[in-house]
Amino acid sequence: MVAWIFILPTILLLLAINIFPLIWAIVLSFTNYRANQPGREVKWVGTRNYERLLSSEDIWGYLQATAHFVCWSMFFQVLLGFGLALLINRQFKGHATWTTLILLPMMLSPAVVGTFWTYIYQPQAGIFNYIINFFIDAGTFSMIGEVALAPWAIVMVDTWMWTPYVMLICLAGPRSIPDYLYEAAEVDRASKLRQFWSITLPMVLPFLMLAVLFRGIENFKMFDMVVELTSGGPGSTTELASINLKREAFEKWRTGYSSAFAILLFLTVFGLGNIYVKFLNKVKER
């Protein structure tokens, strides 16, 4: 009884902050409720909001933009993060200093990073444009203003910011590998490449997959950095699902419709996450 008395406030807080909003959003997703018209009659529309979402070409376009951002940013972050982890794992002069410098980007706020890189990408005075013009005569060039390059601009910024985070997760892999495995491999005259494929990569693989899971979930709901950087433009090229959800909920005030959109996004991430976790557990059991 004493234990329940201590736990009860935390349980009530979790119910109030997490469970109740989720249940309320599910209820609203079946209505035509508008938050800016609280006195308006609320009608039960059933699954109409979900049907409109699934049949909307625009929504599929936003999901496609989100998938492009999530997949490519995870690819580059895992590739670079794993490489940096292998490099940092080696003790060398200035090791601590370089590690601290590499970790700096992830210590910044995403909104600050978005604003910071907006000035870097600025076509007239930005350093990125200066570098491009140094190698090729591109004139006034704006990466976040080019329709074809804008999605890659946000991928580049997210990779710059979160590669250190992936590096930290991957770094736990090499440091958990016993030295005697490499010593035995050297006795058997295994090459460095063979040691990497047979020892390092299999031992680090669960950590790599864990990094993909964490970054995949975070990138799927990415909002602040992209809003500050491109605001979803040019046009709707970089309008991720989370950005469009915000527009529907707090600009168009289609609360019921946006609630249905939020539930669909939640189910997508939850379903893919569960499948991935089961696959991750199978890899760990090997």
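Scroll up a little and you will see the structure.
Below you will find a few notes about this structure. Treat the numbers as computed from the prediction; the structure is a model and nothing was measured.

**Things to note about the overall build of the protein**
- Looking only at helices and strands, the protein has twelve helices and zero strands in total.
- Listing the helices and strands of the protein from first to last along the sequence gives α-α-α-α-α-α-α-α-α-α-α-α.
- Counting only C-alpha atoms and orienting by the principal axes, one finds that the protein spans roughly 80 × 70 × 35 Å.
- Taking the intrachain contacts of the protein between residues at least 6 apart in sequence as the baseline, contacts between residues at least 24 apart amount to 67%.
- When the accessible area of the protein is evaluated, it comes to approximately 17300 Å², of which 68% is carbon and sulfur surface.
- Positive and negative charge centroids in the protein, built from 21 and 18 side chains respectively, lie 5 Å apart.

**Details of a nonpolar patch on the surface**
- Where nonpolar side chains cluster on the molecular surface, the patch consists of Leu8, Leu12, Leu15, Ile19, Phe20, Ile23, Trp24, Val27 and Trp44 and spans about 920 Å² of accessible area.
- Overall, tryptophan 44 belongs to the exposed group, its relative accessible area being 61%.

**Overview of unusual backbone geometry**
- A cis amide bond links glycine 233 with the next residue in sequence, proline 234, at an omega value of -5°.
- As for its placement among the helices and strands, proline 234 is situated in the loop between helix 10 (224-229) and helix 11 (241-250).
- One non-glycine residue with positive phi stands out, namely arginine 189, at about 60°.
- Given the relative accessible area of 77%, arginine 189 is considered exposed.
- The backbone of tryptophan 253 shows a phi angle near 60°, a positive value even though the residue is not glycine.
- With respect to the helices and strands, tryptophan 253 occurs in the loop between helix 11 and helix 12 (255-285).
- Classification of tryptophan 253 as partly exposed rests on a relative accessible area of 29%.

**Quick look at a positive patch on the surface**
- On the surface, a cluster of positive charge is made up of Arg40, Lys43, Arg48 and Arg52.
- Along the chain, arginine 52 turns up in helix 2 (residues 48-54).
- Take arginine 52: its relative accessible area is 39%, and that puts it in the partly exposed class.

**A few points about the nonpolar core**
- Core analysis: the biggest nonpolar cluster contains 37 residues, and Phe69, Tyr121, Met225, Leu229 and Leu240 have the highest contact counts within it.
- The set of elements that each furnish at least two residues to this core consists of helix 2, helix 3 (57-88), helix 5 (110-120), helix 7 (150-175), helix 10, helix 11 and helix 12.
- Contacts of leucine 240, omitting those with residues within four sequence positions, involve Tyr62, Ala65, Thr66, Phe69, Ile154, Met222 and Val226.
- Among the nonpolar cores identified, the runner-up in size contains 17 residues, and Val78, Ile88, Ile102 and Leu208 belong to it.

**Some points on the environment of leucine 264**
- Tracing the chain through its elements places leucine 264 in helix 12.
- When the C-alpha positions of leucine 264 and tyrosine 50 are compared, they lie 8.1 Å apart, and in sequence the two are 214 residues distant.
- Discounting residues that sit within four places of it in the chain, leucine 264 has contacts with Tyr50, Leu53 and Leu54.

**Observations concerning the packing of aromatic side chains**
- Following the criterion strictly, the structure yields 16 aromatic pairs and no others.
- On the numbers, 5.6 Å between centres and 15° between planes, the contact of phenylalanine 30 with tryptophan 44 is stacked. Taken together, the residues phenylalanine 30 in the loop between helix 1 (2-28) and helix 2 and tryptophan 44 in the loop between helix 1 and helix 2 connect sequence positions 14 residues apart.
- Over the face of the ring belonging to tyrosine 257 we find arginine 254, whose NZ or CZ atom lies 4.3 Å from the ring centre.

Procedures and definitions
Residues numbered from 1 in each chain as written. Predicted model: local features only at pLDDT ≥ 70, side-chain atom pairs only at ≥ 80, totals over all residues. Heavy atoms only, no water. Helix = DSSP H or I, 4+ residues; strand = E, 2+ residues; numbered from the N terminus. Contact = heavy atoms within 4.5 Å. Areas by Shrake-Rupley, 256 points an atom, 1.4 Å probe, with all protein chains shown as cover. Lys, Arg positive; Asp, Glu negative; His and termini not counted. Charge placed at Lys NZ, Arg CZ, Asp CG, Glu CD. Patch = residues over 30% accessible without salt bridge, like charges linked within 9 Å, V, L, I, M, F, W, Y side chains within 5 Å. Salt bridge = Lys/Arg side-chain N within 4 Å of Asp/Glu carboxyl O. Buried < 20%, exposed > 50% of the residue type's maximum accessible area, 1.4 Å probe, protein only. Core = buried A, V, L, I, M, F, W, Y, C linked by side-chain atoms within 4.5 Å. Phe/Tyr/Trp six-rings, centres within 6.5 Å; stacked < 30°, edge-to-face > 60°. Lys NZ or Arg CZ within 6 Å of the ring centre and 35° of its normal.

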